[in-house]
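Examination of the molecular architecture
The primary structure of each chain is shown beneath.
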Amino acid sequence: METYICYISKSIHPDEPLALTIGSTENIRYRSYLKQMRPLHTSRYASKQVMLTEEKKALKWAKDNYPYALVRYGAWEFAPTSPTRTDDWFCVPEEEQGAFLVRIMQILQRHSI
């Protein structure tokens, strides 16, 4: 049985304390390595379609409420090649990170298993 996961994670780089990301994967351990992140929350789904739908909703909320963060080795730095860190990183002030996490968790957990 395949595992479909959406996650909220934080950058592992000390010079990126405000960088949070939202994404999806079937292997959180490997994705953490590739994207250089520490997962803060994961939600599991019964299908890839549901996972991608919930990820899209969470990303829309984040994009509507926070600016993008320019992270080391991000998509902006390696265009047009395919980077491992993507560009779905958000600059979330430290005092707002708890509220960000709670809101994204609420979105992701609606249809999780």
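Data block above holds the structure.
These numbers come from a predicted model, not from an experiment. (Residues numbered from 1 in each chain as written. Predicted model: local features only at pLDDT ≥ 70, side-chain atom pairs only at ≥ 80, totals over all residues. Heavy atoms only, no water.)

Summing up its helical and strand segments, the protein has four helices and four strands in all. Computed over the C-alpha atoms, the radius of gyration of the protein is 13 Å, within 12% of the 13 Å expected from 2.2 N^0.38 for a compact globule of 113 residues. By the burial criterion, 41% of the 113 residues in the protein qualify as buried. Long-range pairs, those at least 24 residues apart, make up 70% of the contacts in the protein between residues at least 6 apart in sequence. Here the protein has roughly 6600 Å² of accessible surface; of this, 55% comes from carbon and sulfur atoms. Across the protein, the centroid of the 15 positively charged side chains sits 5 Å from that of the 13 negatively charged ones. (Helix = DSSP H or I, 4+ residues; strand = E, 2+ residues; numbered from the N terminus. Rg over C-alpha atoms; globule rule 2.2 N^0.38 Å. Buried < 20%, exposed > 50% of the residue type's maximum accessible area, 1.4 Å probe, protein only. Contact = heavy atoms within 4.5 Å. Areas by Shrake-Rupley, 256 points an atom, 1.4 Å probe, with all protein chains shown as cover. Lys, Arg positive; Asp, Glu negative; His and termini not counted. Charge placed at Lys NZ, Arg CZ, Asp CG, Glu CD.)

Turning our attention to the packing of helix α2 (residues 48-65) against helix α4 (residues 97-109). Helix-helix packing is characterised by the crossing angle of the two axes and by the distance between the axes. Two numbers describe how α2 lies on α4: the axes approach to 9 Å, and their chain directions differ by 150 degrees. As far as their axial angle goes, α4 and α2 are roughly antiparallel. Viewed along their axes, α2 and α4 form a crossing whose handedness is right-handed. Along the contact surface, α2 presents E54, E55, K57, A58, W61 and A62, while α4 presents F100, R103, I104, I107 and L108. Taken together, the residues that form the contact of α2 with α4 break down as seven nonpolar, no polar and four charged. (Axes fitted to C-alpha atoms, helices over the stretch in contact; angles between N-to-C directions. Parallel < 35°, antiparallel > 145°, perpendicular 65-115°, else oblique. Left-handed = near helix turned anticlockwise from the far one by under 90°. Nonpolar A, V, L, I, M, F, W, Y, C, P; charged D, E, K, R; others polar.)

With that settled, consider the nonpolar core. Side chains of nonpolar character tend, in soluble globular proteins, to be buried together. Core analysis: the largest hydrophobic core is formed by 17 residues, its most contacted members being I22, F90, F100, I104 and L108. Contributing elements (two or more residues each) for this core: β1 (4-11), β2 (19-25), α2 and α4. Leave out the neighbours within four places in its chain, and L108 touches C6, I8, H41, S43, Y45, E54, E55 and A58. (Core = buried A, V, L, I, M, F, W, Y, C linked by side-chain atoms within 4.5 Å.)

Scanning all chains against the criterion turns up five aromatic pairs. Considering the side-chain rings of Y66 and F100, the 5.3 Å spacing of their centres and the 80 degrees angle between planes classify their relative orientation as edge-to-face. Pair noted here: Y66 is in the loop between α2 and α3 (75-78) and F100 is in helix α4, with a separation of 34 residues, a long-range link. Both residues of the pair, Y66 and F100, belong to the buried class. Members of the aromatic cluster, each reached through a chain of ring pairs, are W61, Y66 and F100. (Phe/Tyr/Trp six-rings, centres within 6.5 Å; stacked < 30°, edge-to-face > 60°.)

With that settled, consider the environment of D64. Tracing the chain through its elements places D64 in helix α2. With a relative accessible area of 52%, D64 lands in the exposed category. Taking the C-alpha atoms as reference points, D64 and L20, separated by 44 residues in sequence, lie 15 Å from one another.

This part is about the side chain of S9. Along the polypeptide, S9 turns up in strand β1. Since its relative accessible area comes to 0%, S9 is described here as buried. Setting aside residues no more than four positions away along its own chain, S9 makes contact with A19, L20, T21, M37, R38, P39 and L40.

Limitation: the analysis is restricted to geometry and does not speak to function.
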